[in-house]
Amino acid sequence: MFTTTLLAGLEPHRERIGQAAGLLTVAQYIAGWFICSDIRRRGTSVGVSPLRFIGGCGLSILQLQYSQKLQAPALIWTSIITLSFSILYSLWFCWYTPSNLRKSFYRLSIGIATVTAGLYAYGAQGDSPEIMHRLGMVLTVLALAFIALPLVQLRAIIRAKSSAGLPLPAILASTGATILWLLYGLLINNTFIVVQKIIAMGLCTVQLSLFIIYPAAKTDGKKKQR
């Protein structure tokens, strides 16, 4: 389906491309440490949403199940590592959340765990084309929503005319990983990965363009002039 001269030349390096994509994906998750470090410095998680961490757990579990069905080693080990990071960050967040504010954390955790368990149970029914198709659709939507999380701050960025609140290292890692996973998806002939990564490229482009339209340095310069 996706056979071209370029892809044929890259075929022997398929797993290396997958490994490189996995490393960049892990780097994207490592960026979450900066959020955790800030929480530790302030001594509280107040003002920070745990959605990225808890949602990362659910997404990684479902991606691991799907990767095992595809028998794609690069996807499998990447999912295991991102799941480990997501669990660590979630526990870290909970530790620094005041006792009287942990109810919302628990509610979100239970909600995501319930949805994840339901989808996992459905996927566990077999490897039929119908199940794989539906799981692929769900994972595509969830993965794109995860990538688009930084855009939640879009209104604040436009209002402040500064991209200072966006995690540039994480977005760059996400962009690089998206390009490599797109190549990997083409090489293993998986339509869902290809479509998912093409749309993800659009989201990454939008996020990177914000650093050009609203450079953080511009705002900082104005503050210094004052």
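For clarity, every value in this text was computed on a predicted model and none was experimentally measured. (Residues numbered from 1 in each chain as written. Predicted model: local features only at pLDDT ≥ 70, side-chain atom pairs only at ≥ 80, totals over all residues. Heavy atoms only, no water.)

## A few points about the nonpolar core
Here is step 1 of the chain: In terms of nonpolar packing, the biggest core is built from 11 residues, these being Leu7, Ile17, Ala21, Ala72, Ala74, Leu75, Ala177, Trp181, Tyr184, Leu187 and Ile193.
Here is step 2 of the chain: Counting residues per element, this core draws most heavily on helix α9 (residues 168–187), at 4 residues.
Here is step 3 of the chain: Setting aside chain neighbours within four positions, we find Ile193 in contact with Leu70, Leu75, Trp181, Gly185 and Ile188. (Core = buried A, V, L, I, M, F, W, Y, C linked by side-chain atoms within 4.5 Å. Buried < 20%, exposed > 50% of the residue type's maximum accessible area, 1.4 Å probe, protein only. Helix = DSSP H or I, 4+ residues; strand = E, 2+ residues; numbered from the N terminus. Contact = heavy atoms within 4.5 Å.)

## Here's the deal with the packing of helix α7 (residues 129–147) against helix α10 (residues 191–213)
Here is step 1 of the chain: It is at 10 Å that the axes of α7 and α10 come closest, and there the two elements cross at 10 degrees. If you check the angle between α7 and α10, you find them roughly parallel. Residues Met132, His133, Gly136, Met137, Leu139, Thr140, Ala143, Leu144 and Ile147 of α7 touch α10, and the partners they reach there are Phe192, Gln196, Ile199, Ala200, Leu203, Cys204 and Gln207.
Here is step 2 of the chain: For the contact of α7 with α10, the class distribution of residues is 11 nonpolar, 5 polar and no charged. (Axes fitted to C-alpha atoms, helices over the stretch in contact; angles between N-to-C directions. Parallel < 35°, antiparallel > 145°, perpendicular 65-115°, else oblique. Nonpolar A, V, L, I, M, F, W, Y, C, P; charged D, E, K, R; others polar.)

## A word on the pattern of salt bridges
Here is step 1 of the chain: Summed over the entire model, instances satisfying the criterion amount to 5 salt bridges.
Here is step 2 of the chain: Its salt-bridge partner being Arg14, residue Glu15 comes within 3.6 Å of it at the nearest N-O pair.
Here is step 3 of the chain: In the salt-bridge network here, residues are joined through shared partners; they are Asp38, Arg41 and Arg42. (Salt bridge = Lys/Arg side-chain N within 4 Å of Asp/Glu carboxyl O.)

## A short note on the packing of aromatic side chains
How two aromatic rings sit relative to each other is set out by the distance from centre to centre and by the angle between their planes.
Here is step 1 of the chain: Applying the stated criterion across every chain yields a total of 8 aromatic pairs.
Here is step 2 of the chain: Aromatic side chains Trp33 and Trp92 sit 5.2 Å apart centroid to centroid with 70 degrees between the ring planes, which places their arrangement in the edge-to-face category. Of this pair, Trp33 sits in helix α3 (residues 32–42) while Trp92 sits in helix α5 (residues 73–95), and the two are 59 residues apart along the sequence.
Here is step 3 of the chain: Ring centres 5.9 Å apart and planes at 70 degrees place the aromatic pair Phe105 and Tyr106 in the edge-to-face group.
Here is step 4 of the chain: Owing to a relative accessible area of 41%, Tyr106 belongs among the partly exposed residues under this scheme.
Here is step 5 of the chain: Counting every residue linked through ring pairs, the aromatic cluster contains Phe53, Phe85, Tyr89, Phe93, Phe105 and Tyr106.
Here is step 6 of the chain: The cationic tip of Arg52 hangs over the ring face of Phe146; the distance from NZ or CZ to the ring centre is 5.1 Å. (Phe/Tyr/Trp six-rings, centres within 6.5 Å; stacked < 30°, edge-to-face > 60°. Lys NZ or Arg CZ within 6 Å of the ring centre and 35° of its normal.)

## Overview of the confidence of the model for the protein
Here is step 1 of the chain: Residues with a pLDDT of 70 or more make up 93% of the protein, whose mean pLDDT is 84.
Here is step 2 of the chain: Ranking the elements of the protein by mean pLDDT puts helix α11 (residues 216–225) last, at 49, and helix α6 (residues 102–123) first, at 94.
Here is step 3 of the chain: In the predicted structure, residues 218–226 sits below a pLDDT of 50 and forms 3 contacts with residues beyond four places in sequence or in another chain. (pLDDT = per-residue confidence, 0-100.)

## With respect to α9
Here is step 1 of the chain: Between its terminal C-alpha atoms α9 stretches 29 Å, which fits the 28 Å expected from 20 residues at 1.5 Å a residue.
Here is step 2 of the chain: The inward-facing, buried residues of α9 abut α1 (5–10), α2 (14–30), α5, α7 and α10.
Here is step 3 of the chain: Where α9 terminates, the next one or two residues include Asn189, which has phi positive at roughly 60 degrees. (Expected span 1.5 Å × (residues − 1).)

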